[in-house]
Amino acid sequence: MNVSDSERISSVLARQGYEMIDNEASADVVIFNTCSVREKAEQKLYTRVGHIRHSDRPKPVVGVMGCVAQLEGETLLKKIEGVDFVLGTRAIGRVADAIAKTLKFEEPVVDLGEREVDYDWTVADKYRHSPFVAFLPIIEGCNKFCTYCIVPFSRGRERSLPASEIIRQVLELRRKGVKEVHLIGQNVNSYRPPTDSGLEGFAGKSPFSRLLRAVAATGIERVKFTTSFPRDFHDDIVEAIETHDNLCNWIHLPVQSGSSRVLAAMKRGHTVEKYLAKIDRIKASYKDVALTTDIIVGFPSETEEDFQQTVRLVEYCGFDSAYIFRYSPRPGTPAYELQDDVSHEEKTRRFIELERSQKYMQNRRLQRYVNKVLKVLVERKSTRTSSGLSGHSTCQKVVNFVGKEDMIGSIVDVKITEIKANSLFGEAV
Ligand code: SF4
């Protein structure tokens with residue numbers, strides 16, 4: 001969501017004549033698009049603004065956007081000297097106004113927007129990480145209130161974009177040459193549009209599975225979606241993937257812990273058994289769906305036995321990759337009130353052990369791709385080899401291979417010859 005928001009901010013500014021440059025030192029405006037999920041990102045912001053303030057260069061306009069801005073609002077101006085504007089997650093569309101007001105009145109601007117009514121669904125156009133791939137926010141906010149997470153407080157309640165508008169945007173992106181859309185949201189499969197408009201006639205129990213079928217029907221070459229919330233993940237989503245060739249075979253389903261006791265303490269709304277039933281259904285699919293997840297180690301009260309259950313879950317599920325985090329208490333969340341009773345050293349030990357198990361499983365799992373032909377959307381020249389190209393498979397693997405530059409932007413068949421830690425290597429066939 002944060003990467004997508006950055007692309008949207010730059011695209012909104014491009015429409016007003018601003019240009020993105022690589023070199024921060026010569027920029028007239030520097031914007032920090034912040035994330036508050038982990039403490040480290042927040043601390044980095046304080047350091048980076050400090051660097052700008054103390055440098056010899058003429059001072060640029062400095063803006064803070066994203067979740068830290070939304071949560072802290074005006075208090076950020078007191079905490080960090082040198083910030084000119086603070087814009088919340090719902091005020092992306094007004095970023096150019098904020099810069100103009102700052103310059104005109106020479107005083108700080110704070111705009112947090114109205115939580116539920118003000119969300120701006122702008123889709124990035126000029127600045128995207130790839131001209132052939134587009135993020136499309138379809139649901140914003142979160143109603144789940146997992147006890148460790150700040151997102152429901154920073155992003156507010158869930159709000160879904162009407163399906164008819166999503167379809168219109170996908171068709172527009174397709175017309176502009178986009179090959180792959182990623183439907184995104186904190187919990188993309190909790191999608192609940194205000195009306196049925198655009199979903200009529202599409203089969204499925206859950207609105208999200210119907211939306212998937214409706215988006216597939218636009219004829220866009222590839223559709224991916226992330227992130228899915230386990231409790232709202234129904235079989236009809238897998239059925240939709242199985243029915244439509246352009247719905248890609250990759251599901252990111254964060255489990256967070258392999259202990260049902262810890263999951264209850266996290267208020268995740270699912271047990272290990274329920275999660276595994278969904279994994280079994282996904283793994284039974286003929287489409288060989290790649291599975292990825294997020295896991296937190298060292299949540300308050302997590303015992304060695306709870307942790308070992310997480311290790312066993314990782315071994316059972318065989319994730320294609322997993323983002324593993326050490327728990328860090330976030331002020332303002334319910335878990336912040338709990339005793340952070342797993343020591344930093346112990347969290348690190350569990351993190352290392354789990355990473356080792358995951359890497360071992362991942363390596364075994366990725367072996368299944370050797371000698372297989374994957375369809376790769378070629379996005380750019382590879383940084384790994386001089387004559388190489390790089391892109392993503394339908395199962396969201398980075399694939400590097402040798403090929404001609406004019407392949408960029410097309411989908412090519414690549415036979416996989418080698419597996420590395422986080423990417424695959426192959427040859428065009
Ligand atoms: S589902 Fe839980 S972890 Fe995910 S954004 Fe919502 S509160 Fe945070």
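In this text the structure is predicted, and so the values were computed from the model without any measurement. (Residues numbered from 1 in each chain as written. Predicted model: local features only at pLDDT ≥ 70, side-chain atom pairs only at ≥ 80, totals over all residues. Heavy atoms only, no water.)

## Overview of the pairing of strand E12 (residues 321-326)
Cut-off, in case you're wondering: Two strands qualify as a pair provided that DSSP identifies no fewer than 2 bridges between them. Numbering of helices and strands runs from the N terminus; a helix is a DSSP stretch of H or I covering at least four residues, while a strand is a stretch of E covering at least two. Whether a crossover is right-handed comes down to one check: with the strands pointing away from the viewer, does the path from the first strand over the helix to the second run clockwise; if it does, it is right-handed.
Here strand E11 (residues 290-297) pairs with E12 via six bridges, running parallel. Looking at E12, one finds that valine 297 is bridged to arginine 326. Between E11 and its parallel partner E12, the chain crosses via helix H12 (residues 304-317), and the hand of that crossover is right-handed.

## Let's talk about helix H8 (residues 207-216)
Here is the rule: Burial classes follow relative accessibility: with a 1.4 Å probe on protein chains only, a residue under 20% of its type's maximum area counts as buried, one over 50% as exposed, and anything between as partly exposed. Note on definitions: a residue-residue contact is assigned when non-hydrogen atoms from the two residues lie within 4.5 Å.
Within H8, ten of the ten residues are buried, which leaves it mostly tucked inside the rest of the structure. The secondary structure elements touched by the buried residues of H8 are helix H7 (163-175), strand E8 (180-184), strand E9 (222-226) and helix H9 (235-243).

## Digging into the layout of surface pockets
This is how it is decided: Throughout, the protein atoms alone are placed on a 1 Å grid, and a set of points is a cavity if a 1.4 Å probe fits but cannot get out or a pocket if it is open with protein on both sides within 12 Å along at least five of seven lines; lining residues have an atom within 4 Å of a point. Grid points are joined across faces, edges and corners, and a volume is the space filled by probe spheres set on the points. Only Asp, Glu, Lys and Arg are considered charged, only Ala, Val, Leu, Ile, Met, Phe, Trp, Tyr, Cys and Pro nonpolar, and every remaining residue, Gly among them, polar. Boundaries of every domain are those given by an automatic assignment or by a domain database.
Looking at the second largest pocket, its volume works out to about 200 Å³. Asn249, Val373, Leu374, Lys375 and Thr394 are the residues nearest the centre of the second largest pocket, which is lined by 14 residues in total. In terms of residue count, the dominant contributor to the lining of the second largest pocket is strand E13 (residues 373-381) (three residues). Looking at side-chain class alone, the lining of the second largest pocket contains six nonpolar, two polar and six charged residues. No fewer than three residues from each of domain 2 (133-368) and domain 3 (370-428) sit in the lining of the second largest pocket.

## Observations regarding the nonpolar core
To keep things clear, this is the line we draw: Among buried residues, those of type Ala, Val, Leu, Ile, Met, Phe, Trp, Tyr and Cys that are joined through side-chain atoms within 4.5 Å constitute a nonpolar core.
Grouped together as the largest cluster of nonpolar side chains are 69 residues, with contacts concentrated most on Ile138, Ile166, Leu183, Phe208, Leu211 and Val215. A total of six residues in this core trace back to one element, the largest contributor, which is H8. Excluding residues within four positions of it along the chain, phenylalanine 208 makes contact with Ile138, Leu183, Val188, Asn189, Tyr191, Phe225 and Ile237. Core analysis: the second largest hydrophobic core is formed by 16 residues, Trp250, Ala290, Val412 and Ile416 among them.

## Quick word on empty space enclosed by the protein
Under the counting rule described, the total for this entry stands at one cavity of 30 Å³ or more. Put simply, the largest cavity is a space of about 40 Å³. Taken together, Asp5, Ile9, Asn33, Met65, Gly66, Gly88, Thr89 and Ile92 make up the full set of residues lining the largest cavity. Class assignment for the residues of the lining of the largest cavity results in three nonpolar, four polar and one charged.

## Comments concerning the sheet that holds strand E1 (residues 29-34)
For the record, the criterion: Simply put, an axis is a line fit to the C-alpha atoms, just over the touching stretch for a helix, and the angle between two N-to-C directions goes from 0 to 180 degrees.
The parallel open sheet is built from four strands, whose spatial order is E1-E2-E3-E4. With one partner strand each, in any of the chains shown, E1 and strand E4 (109-111) form the two edges of the open sheet. Shown here is a sheet whose adjacent strand axes are inclined to one another by a mean of 15°, direction ignored. Sheet analysis places strand E3 (residues 85-87) next to E4, joined by three bridges and oriented parallel.

## As for H9
Within the sequence span of H9, burial applies to Asp236, Ile237, Val238, Ala240, Ile241 and Glu242. Those residues of H9 that are buried lie in contact with H8, E9, strand E10 (250-252) and helix H11 (272-283).

## So, the sheet that holds strand E17 (residues 423-428)
The five strands are arranged E13-E14-E15-E17-E16 in a closed barrel whose pairing can be described as mixed. Along the sheet, successive strands turn relative to each other by an average axial angle of 50°, direction set aside.

## Overview of the domain arrangement of the chain
Annotation of the chain at the domain level lists domain 1 (2-111), domain 2 (133-368) and domain 3 (370-428). One C-alpha centre belongs to domain 1, the other to domain 3, and the line joining them spans 36 Å.

## Details of the site of the ligand
Under the convention used in this document: Whether a residue is near a molecule or strand depends on its heavy atoms: if one lies within 4 Å, it is near.
Near the ligand the following residues occur: Cys142, Lys144, Phe145, Cys146, Tyr148, Cys149, Val151, Pro152, Asn187, Phe229 and Arg268. Among the residues making up the shell around the ligand, the classes are represented as eight nonpolar, one polar and two charged.

## Focus on the packing of aromatic side chains
The line we're drawing: In this scheme Phe, Tyr and Trp rings, the latter by its six-membered ring, pair at centre separations within 6.5 Å, and the angle between planes marks the pair as stacked below 30 degrees, edge-to-face above 60, and tilted otherwise. Any Lys NZ or Arg CZ found within 6 Å of a ring centre and within 35 degrees of that ring's normal is scored as a charge over the ring.
If you walk through the whole model with that rule in mind, you get four aromatic pairs. A ring pair is formed by phenylalanine 299 and tyrosine 327, whose centres lie 5.3 Å apart and whose planes are at 70°; its orientation type is edge-to-face. Placement of phenylalanine 299 in the loop between E11 and H12 and of tyrosine 327 in the loop between E12 and helix H13 (344-366) is noted, with a sequence separation of 28 residues between them. Taking relative accessible area as the criterion, phenylalanine 299 reaches 0% and is therefore assigned buried. Joined through ring pairs, the aromatic side chains of Tyr148, Phe299 and Tyr327 make up one cluster. Between lysine 283 and the ring centre of tyrosine 316, over which it is positioned, the NZ or CZ distance is 5.0 Å.

## Here's the deal with the side chain of lysine 224
Quick note on the threshold: What qualifies as a polar contact is a pair of N or O atoms within 3.5 Å, subject to a donor-acceptor requirement within protein and to the restriction that residues adjacent in sequence count only when both atoms come from side chains.
One can find lysine 224 in strand E9. Note on lysine 224: relative accessible area 1%, which makes it buried. Side chain to side chain, lysine 224 and glutamate 180 meet in a polar contact 3.3 Å long. For lysine 224, the side chain forms a polar contact with the side chain of glutamine 396, separated by 2.7 Å. In this structure, lysine 224 is in contact with Glu180, Val181, His182, Leu183, Cys248, Trp250, His392, Ser393, Thr394 and Gln396, ignoring residues within four places of it in sequence.

## A look at the packing of helix H1 (residues 2-15) against helix H5 (residues 95-105)
When two helices pack together, their arrangement is captured by the angle between the axes and the distance separating the axes. With their axes 8 Å apart at the nearest point, H1 and H5 run at an angle of 65° to one another. Contacts between H1 and H5 pair Ile9, Val12 and Leu13 from the former with Val95, Ala96 and Ile99 from the latter. Classifying every residue of the contact of H1 with H5 by side-chain character gives six nonpolar, no polar and no charged.

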